[in-house]
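Spelled out, the chains give:
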Amino acid sequence: MRKSLRVAGIATTCAVAGAALYGTGAATADNASARHTAEPQNIGVLVGEIDDYYGAYQDADGVWRSSPDSPYAKDLARVQTKAKKDIRKAAAHGAHGAKGGAHGKKPAIVLDVDDTALLSFDYEKSTNYTYNGATWDAYVKEAKRPAVFGMPELVKYAKGKGVEVFFLTGLSESQREGAVTNLAKAGYDTKLDTKHVFTKNKTAPPAYLSHCATPAKWECTTVQFKEGTRKYIESTGFNIVGSFGDQVSDLAGGYADKTYKLPNPTYFVE
């Protein structure tokens, strides 16, 4: 489930405050009168901080962009520098999977799409950080998102080291065409067929997700969907040496030697 900045920010603040109170024994049924409260961070201030972090500006067409010299871009570069070193080592010395049995398997990396491969900052700014399924669907199908800084270059680097590249996204099967078109336009020069781009197909889920999805009912969480798909990729003869995502839920569940969390303060996916 995707939560907007407004919901996720307030929920996170309250959760942190609640955890602190619980730890001191203040927030109990017996001493509710002693409970302390904390005002969540002001939304206007938070949005201003996010604008500064992305180096937000509007281009001549009114599209919101992130500056390539922003703190956001610098944080991305640090993650990518580390990832390239790890990819080089994995490619040079062979892949040794965290779950074992990876000898002889071809190394691979897996990338999330939204705000890992393609930047959705214009959508977030244009909607005042409020998610809506219909507007999001239309935005994805426009296929106009720019690449996340440095990620096409990271993919090119990995491919140059003999590493296979896969994309694993929570976008629906009906949004596949928009995503694939956008990835190609944004400079991802790699295979973008159904064997390399995995979407959520809720009407005809793959057999490897049968533990949580059937044609009649989809019950996979984000973690189950992505974990199950990575496990499937590895079963086809690959060892995932790196998994990239902007959400913790993109990366949880294993079946990757290393994980790389890219920054994204604009929404939260459970």
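For clarity, every value in this text was computed on a predicted model and none was experimentally measured.

1. Regarding empty space enclosed by the protein
Logical step 1: By the definition in use, this model includes one cavity of 30 Å³ or more.
Logical step 2: Taken together, Val110, Leu111, Asp112, Leu168, Lys226, Arg230, Ser243, Phe244 and Asp250 make up the full set of residues lining the largest cavity.
Logical step 3: At the level of secondary structure, the elements contributing two or more residues to the lining of the largest cavity comprise strand E4 (106-111), helix H8 (222-235) and strand E7 (238-245).
Logical step 4: Residues of the lining of the largest cavity, tallied by class, amount to four nonpolar, one polar and four charged.

2. Quick look at the packing of aromatic side chains
Logical step 1: What the rule picks out here adds up to 15 aromatic pairs.
Logical step 2: Between the aromatic rings of Tyr208 and Tyr232, the centroid separation amounts to 4.3 Å while the plane-to-plane angle is 15 degrees, which identifies the pairing as stacked. Note that Tyr208 is positioned in the loop between strand E6 (197-200) and H8 and Tyr232 in helix H8, a separation of 24 residues in sequence.
Logical step 3: Residue class for Tyr208 comes out partly exposed when judged on its relative accessible area of 25%.
Logical step 4: An aromatic cluster of three or more residues is present, and its members are Tyr53, Tyr54, Tyr72, Phe121 and Phe149.
Logical step 5: Over the face of the ring belonging to Trp64 we find Lys125, whose NZ or CZ atom lies 4.4 Å from the ring centre.

3. Some details on the packing of helix H3 (residues 71-93) against helix H6 (residues 151-160)
Two quantities define a packed helix pair, namely the angle between the helix axes and the distance between the axes.
Logical step 1: The contact between H3 and H6 brings their axes to 10 Å, and the two run at 10 degrees. Taken together, H3 and H6 sit at an angle that is classed as roughly parallel. Facing H3, whose interface residues are Gln80, Ala83, Lys84, Ile87 and Arg88, H6 presents Met151, Leu154, Tyr157 and Ala158.
Logical step 2: Taken together, the residues of the contact of H3 with H6 sort by class into six nonpolar, one polar and two charged.

4. A look at the side chain of Asp114
Logical step 1: On the secondary structure map, Asp114 appears in the loop between E4 and helix H4 (121-126).
Logical step 2: There is a polar contact of 2.8 Å between the side chain of Asp114 and the side chain of Arg145.
Logical step 3: Once residues within four sequence positions are removed from consideration, Asp114 is found in contact with Trp136, Arg145, Thr169, Leu171, Asp246 and Tyr267.

5. A short note on the state of the cysteines
Logical step 1: Scanning the entire structure with this criterion turns up one disulfide.
Logical step 2: The disulfide that involves Cys212 links it to Cys220, with 1.9 Å between the sulfurs. In this structure, the disulfide formed by Cys212 and Cys220 twists by about 80 degrees around the S-S bond and is classed as right-handed. Cys220 matches Cys212 in its accessibility class, with the two residues each being buried.

6. Some thoughts on the sheet that holds strand E5 (residues 164-172)
Logical step 1: Judged by pairing direction, the sheet is parallel, and its five strands sit side by side in the order E6-E5-E4-E7-E8 without closing on themselves. Among the strands making up the open sheet, the edge pair consists of E6 and strand E8 (259-261). The average angle at which neighbouring strand axes cross in this sheet is 20 degrees, direction not considered.
Logical step 2: Where E7 lies against E8, three bridges are found, and the strand directions are parallel. When the sheet's bridge partners are listed, Ser243 is paired in E8 with Thr259.

7. Focus on the pairing of E7
In the case of a regular strand, side chains alternate between the two sheet surfaces.
Logical step 1: Among the eight residues in E7, eight count as buried, and that is most of the element.
Logical step 2: By the bridge criterion, six bridges tie E4 to E7 in an arrangement that is parallel. For Ala108, the partnering residue across the bridge sits in E7 and is Ile240.

8. Observations regarding the nonpolar core
Buried together is how nonpolar side chains tend to be arranged in soluble globular proteins.
Logical step 1: Of all hydrophobic cores here, the largest spans 44 residues; its most connected members are Ile109, Leu111, Phe167, Leu183, Tyr188 and Phe244.
Logical step 2: Counting residues per element, this core draws most heavily on H3, at six residues.
Logical step 3: Those residues in contact with Tyr188, other than ones at most four positions away along the chain, are Thr116, Ala117, Leu118, Ala147, Val148, Met151, Pro152, Val155, Phe167 and Leu183.
Logical step 4: Listed in part, the 15 residues of the second largest apolar core include Val110, Phe198, Ile233 and Ala256.

9. Description of the confidence of the model for the protein
Reading predicted coordinates in detail is not appropriate for stretches of low pLDDT.
Logical step 1: Across the protein, pLDDT averages 88, with 84% of residues at or above 70.
Logical step 2: A low-confidence stretch, residues 9-29 (pLDDT under 50), is modelled with 14 contacts involving residues beyond four sequence positions or located in other chains.
Logical step 3: Low confidence marks residues 95-101, where pLDDT is under 50. Its contacts with residues over four positions away, or in another chain, come to 17 contacts.

10. Observations concerning the pattern of salt bridges
Logical step 1: Using the criterion set out here, one finds 12 salt bridges in the structure.
Logical step 2: Note that Lys141 and Asp137 form a salt bridge whose closest N and O atoms lie 3.1 Å from each other. Of this pair, Lys141 and Asp137 both sit in helix H5 (residues 133-142), separated by four residues, roughly a single helical turn.
Logical step 3: Accessibility expressed as a relative area gives 42% for Lys141, which makes it partly exposed.
Logical step 4: Using a relative accessible area of 23% as the deciding quantity, one classes Asp137 as partly exposed.

What counts as what
- Residues numbered from 1 in each chain as written.
- Predicted model: local features only at pLDDT ≥ 70, side-chain atom pairs only at ≥ 80, totals over all residues.
- Heavy atoms only, no water.
- 1 Å grid on protein atoms, 1.4 Å probe; cavity = no way out; pocket = protein on both sides within 12 Å on 5 of 7 lines; lining within 4 Å.
- Points joined across faces, edges and corners; volume = space filled by probe spheres on them.
- Helix = DSSP H or I, 4+ residues; strand = E, 2+ residues; numbered from the N terminus.
- Nonpolar A, V, L, I, M, F, W, Y, C, P; charged D, E, K, R; others polar.
- Phe/Tyr/Trp six-rings, centres within 6.5 Å; stacked < 30°, edge-to-face > 60°.
- Buried < 20%, exposed > 50% of the residue type's maximum accessible area, 1.4 Å probe, protein only.
- Lys NZ or Arg CZ within 6 Å of the ring centre and 35° of its normal.
- Axes fitted to C-alpha atoms, helices over the stretch in contact; angles between N-to-C directions.
- Parallel < 35°, antiparallel > 145°, perpendicular 65-115°, else oblique.
- Contact = heavy atoms within 4.5 Å.
- Polar contact = N/O pair within 3.5 Å; in protein donor to acceptor, adjacent residues only side chain to side chain.
- Disulfide = S-S within 2.5 Å.
- Pairing = 2+ DSSP bridges.
- Core = buried A, V, L, I, M, F, W, Y, C linked by side-chain atoms within 4.5 Å.
- pLDDT = per-residue confidence, 0-100.
- Salt bridge = Lys/Arg side-chain N within 4 Å of Asp/Glu carboxyl O.

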